[in-house]
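# Coordinates in review
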Amino acid sequence: MTPSARFTSAPSGVGGTRLARPNGKIAHRLVAYLAVSLAVGVCVYLLANTACDAWIERFLSGDDVRNARLEQNAQSLQRYVTDNHIFFKDKEGLDEWVSAERYVMLQIYADGMIVYDSSINMDISSLGIAGGDAVQWQKTYTIAFPNGEGLAMFYEYYSMRDEMVGTGISIALGITAFIVAFLLLLRRITRYIRLLSSELHLLECGELDHEVTVRGTDELADLARSVDDMRKAMAHRFENEERLLASKYELVTEMSHDLRSPLTSLIGYLDILYMGKCHDAEDERRYLENSRDKAYRIKEISDDLFEYFTSAEDGLTAPRRSLKCCGELLDGLLASGVFELESVGFSVELRRCPLDPEDVVLVDEPSLQRAFGNLFSNIVRHADRDEPVIVECVRDGETIRITMSNSIADDEMADGPGIGLRTAKRLFEANGWAFAYKSVDRAFSATIELSPPQWPRGIGASNGKAR
């Protein structure tokens, strides 16, 4: 990739990677969730704060509550003074008590003078400040100090503490309501994310048939859809790879089988020639010709196999079709097969029918040679040599039918039609010929049908070309 190359996203509705938009639908939803949650939290805070104020007003306000608290303050101060021997002029000691109480202000009067005031940071006991008439209208409590009695006047502001506690509780409830509301609203997104995570784990484990769930139209849905498209692409790719491997395996198996058939025949012919079993020079010439044909056939098959594995195309090599005269083509194919059967000890009944020289077909002759070779090779391996093999060629209207029938050997009964017949069927059908076979009890038969096209008169076959 050049330095100037950039990744771009596919437009909407077109396959490819879709990049997330900066202001996507999920962002809008999250903002809406936050606004709703914030509104819920504020409402809960206001309701809680109002309830706390009402509770404080009802239970923590009023003269009775205030007097009870002042009484408690007086008793607390008396205990503190008694326990610590605090004089009414001991500012530091009294400051400690006021600091511990936190929500109380204290003034002490003795002999009509103010001897202590917690709101003043200095010692005023020696200043002789007159108490005035405050003791006349404020409630005071007599405190016994070691150096005499004093009147204590308390100013309490516990209501501020209660309001602060109520406000804190309200804020806590509001924040809790905000968090709970946001989590509840977010639960759908998080559940979908967990679902996608589990489905991605399934895909990681190889479950490519499991469809990824697509919900909604937001970025998560786009992501799920992209992942599902990737899953389909991977499944399709693996399927193609498996099909390619299967086709290659099948091809190698068929080619190996096709190589074995002519090779077996070639070895048989050479053994006959080597052991001198030919009756005359004509038989010897026929065996030599057939051996030569089989050797060339082996070369053609090996060339096809090599061409397949060196070609970039997937599948078998392109057929090399040419016009052939039906009579000459069938005579050659059947004669070669009959000779092979007779050379290994079979008795063959060949029943020919006259064919019109104008009957021509466009075929791939090498593939037909493979198909007939597999068919005759199947007869050699499975037929009973004590029974005749019947090869019959008949014409029924425009259809030419070749039938082969034989008895199956007793020791071959367990073997059903094998790869040779399957290969033959595929090769016949590739040339437009129908092929069927059946095996009932010990009888086996195979039927080949072809219908020559109706060429204009004067069209025949000569050296593979129309004339």
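Structure's up top.
Below or above, wherever it landed, is the structure these notes cover.

Scanning the protein chain for helices and strands turns up ten helices and 14 strands. In the protein chain, buried positions account for 36% of the 467 residues. For the protein chain, contacts bridging at least 24 residues in sequence account for 69% of all contacts bridging at least 6. A total of about 27900 Å² of accessible surface is found on the protein chain, and carbon and sulfur atoms cover 56% of it.

Together, Arg187, Arg188, Arg191, Arg194 and Arg215 line one region of the surface with positive charge. Within the fold, Arg187 resides in helix H5 (residues 158-204).

This part is about the packing of helix H8 (residues 326-343) against helix H9 (residues 365-382). For the pair H8 and H9, interaxial distance at closest approach is 10 Å and the crossing angle is 30 degrees. The pairing of H8 with H9 is recorded here as roughly parallel in orientation. Helix-helix and strand crossings are classified by hand; for H8 and H9 the assignment is right-handed. Residue-level inspection shows Leu329, Leu330, Leu333, Leu334, Gly337, Val338, Glu340 and Leu341 of H8 in contact with H9, the latter providing Glu365, Leu368, Gln369, Phe372, Phe376, Ile379 and Val380. Taken together, the residues of the contact of H8 with H9 break down into eleven nonpolar, two polar and two charged.

With that settled, the discussion passes to the environment of Met255. Relative to the helices and strands, Met255 is located in helix H6 (residues 219-274). Once the C-alpha coordinates of Met255 and Thr423 are considered, the two residues, 168 residues apart in sequence, prove to be 9.3 Å apart.

All right, on to the sheet that holds strand S5 (residues 148-156) then. A sheet is described by the order of its strands in space; here five strands give the open sequence S3-S2-S1-S5-S4, paired in antiparallel fashion. This sheet does not close on itself; its edge strands, each paired only once, are strand S3 (129-130) and strand S4 (141-145). Across six bridges, the pairing between strand S1 (residues 104-110) and S5 is antiparallel. Within S5, the residue paired with Gln107 across the bridge is Met153. Its contacts with the sheet put helix H2 (residues 63-84) on S1, S4 and S5, and the angle it makes with S4 is roughly 5 degrees.

Further remarks concern a nonpolar patch on the surface. There is a patch of nonpolar side chains on the surface, built from Ile171, Ile175, Ile179 and Leu183 and spanning about 360 Å² of accessible area. The residue Leu183 is located in helix H5 in this model.

Our focus in this paragraph is the environment of Val212. Mapped onto the secondary structure, Val212 falls in the loop between H5 and H6. Accessibility expressed as a relative area gives 5% for Val212, which makes it buried. In contact with Val212, other than residues within four places in its own chain, are Leu196, Glu199, Leu203, Ala224, Val227, Asp228 and Arg231.

Taking 1.5 Å of rise per residue, the twelve residues of helix H10 (residues 419-430) would be expected to cover 16 Å, and the 16 Å separating its terminal C-alpha atoms lies within 8% of that figure. Of the positions making up H10, those classed as buried are Ile419, Gly420, Leu421, Thr423, Ala424, Leu427 and Phe428. Following H10 by one or two positions, Gly432 has its phi on the positive side, about 85 degrees.

For H9, which comprises 18 residues, the first-to-last C-alpha distance of 26 Å matches the rise-based estimate of 26 Å (1.5 Å per residue) to within 8%. Counting buried positions along H9 gives 15 out of 18 residues, so the element sits mostly inside the fold.

Each regular strand carries side chains that alternate between the two faces of the sheet. In terms of burial, S1 is a largely internal element, six of the seven residues being buried. With four bridges joining them, S1 and strand S2 (residues 113-117) adopt antiparallel strand pairing. Bridge pairing links Gln107 to Asp117 in S2.

Turning to unusual backbone geometry, a few remarks are in order. Most of the time, phi is negative for any residue but glycine, and the peptide bond is trans. Positive phi outside glycine occurs at His85, with the angle close to 55 degrees. If you trace the backbone, His85 turns up in the loop between H2 and helix H3 (91-101). For His85, a relative accessible area of 57% translates into the label exposed. Unusually for a residue other than glycine, Arg102 sits at a positive phi of about 70 degrees. Its place among the elements puts Arg102 in the loop between H3 and S1. Accessibility expressed as a relative area gives 57% for Arg102, which makes it exposed.

Cut-off values and rules
- Residues numbered from 1 in each chain as written.
- Predicted model: local features only at pLDDT ≥ 70, side-chain atom pairs only at ≥ 80, totals over all residues.
- Heavy atoms only, no water.
- Helix = DSSP H or I, 4+ residues; strand = E, 2+ residues; numbered from the N terminus.
- Buried < 20%, exposed > 50% of the residue type's maximum accessible area, 1.4 Å probe, protein only.
- Contact = heavy atoms within 4.5 Å.
- Areas by Shrake-Rupley, 256 points an atom, 1.4 Å probe, with all protein chains shown as cover.
- Patch = residues over 30% accessible without salt bridge, like charges linked within 9 Å, V, L, I, M, F, W, Y side chains within 5 Å.
- Salt bridge = Lys/Arg side-chain N within 4 Å of Asp/Glu carboxyl O.
- Lys, Arg positive; Asp, Glu negative; His and termini not counted.
- Charge placed at Lys NZ, Arg CZ, Asp CG, Glu CD.
- Axes fitted to C-alpha atoms, helices over the stretch in contact; angles between N-to-C directions.
- Parallel < 35°, antiparallel > 145°, perpendicular 65-115°, else oblique.
- Left-handed = near helix turned anticlockwise from the far one by under 90°.
- Nonpolar A, V, L, I, M, F, W, Y, C, P; charged D, E, K, R; others polar.
- Pairing = 2+ DSSP bridges.
- Expected span 1.5 Å × (residues − 1).

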